[in-house]
Amino acid sequence: IGVVKDNSADQENAARTLASFGPEAESAIPALLDLLAKSWNDYLWPEAIAALQHIASEKSPLLQAALKNPNPNIRSGVAKVLGQFPGAAPILTEALNDSSNRVRLAAVSSLGNLKGSATPAIPQIRSMLQDDSRTIREAAAKTLQKLGDR
């Protein structure tokens, strides 16, 4: 876990190794969330997300708390992680109201991965078709299509 926290070139490998331990590496979640905060290290971001997807669950109090973190890189990364857990649809639906477009984009895209469990979010996703951001509108349309609404 110490390697994940320092700024060495070994962080990417450390994240991959932690992922291989699955839920047994739960104590590494805070260090992986710290990696999400470092937007300057974009190649680490997907590795941290992949590791969190193998380690955490939608019920993880650390992930749920991270959705309230002031750093939008952390919030958007967690929204991507939650996109593999059908039980996370209500949390992701809440994230559609985030102040950061990056977080909203991650949340709406993740809801598209959840298929049937995301159907309660369809009205809110439809409203995103009127968003000021073209990227958000396009992601909302794509998600609605995945959910069978368009």
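Counting of residues starts from 1 at the beginning of each chain's written sequence and follows it residue by residue. Thresholds applied to this predicted model are a pLDDT of at least 70 for local features of residues and 80 or more for the giving and counting of side-chain atom pairs; totals over whole chains, interfaces and linings are not thresholded and use all residues. The side-chain quantities take in all heavy atoms of the structure and omit both hydrogens and water.

## Details of the overall build of the protein
For the protein, the count of helices and strands is 10 helices and zero strands. For the protein, the α and β elements follow one another from N to C terminus as α-α-α-α-α-α-α-α-α-α. The size measure is the radius of gyration over C-alpha atoms, and the globule rule it meets is 2.2 Å times the number of residues to the 0.38 power. In summary, the protein has a C-alpha radius of gyration of 15 Å against a globular reference of 15 Å for 150 residues, a match within 12%. Dimensions of the protein, computed from the C-alpha atoms along their principal axes, are close to 45 × 30 × 20 Å. A run of DSSP states H or I qualifies as a helix once it reaches four residues; a run of E qualifies as a strand once it reaches two. Both are numbered from the N-terminal end.

## A word on the packing of helix α3 (residues 29–37) against helix α4 (residues 44–55)
Packing of α3 against α4 brings their axes to within 8 Å, and their N-to-C directions diverge by 150°. In terms of orientation, α3 and α4 fall into the roughly antiparallel class. Pair α3 / α4 crosses with left-handed handedness. Facing Ile29, Leu32, Leu33, Leu35 and Leu36 of α3, the residues of α4 in contact are Leu44, Trp45, Ala48, Ile49, Ala51, Leu52 and Ile55. Class assignment for the residues of the contact of α3 with α4 results in 12 nonpolar, no polar and no charged. Between N-to-C directions, angles span 0 to 180 degrees; the directions come from axes that are lines fitted to C-alpha atoms, helices contributing only their stretch in contact. An angle counts as roughly parallel when it lies under 35 degrees, as roughly antiparallel when it exceeds 145, as roughly perpendicular when it falls between 65 and 115, and as oblique in every other case. Handedness of a helix crossing follows the sense of rotation of the near helix relative to the far helix, less than a right angle counterclockwise being left-handed and clockwise being right-handed. By definition, residues are in contact when any of their heavy atoms lie within 4.5 Å. Gly counts as polar in this scheme, as do all residues outside two lists: the nonpolar Ala, Val, Leu, Ile, Met, Phe, Trp, Tyr, Cys and Pro, and the charged Asp, Glu, Lys and Arg.

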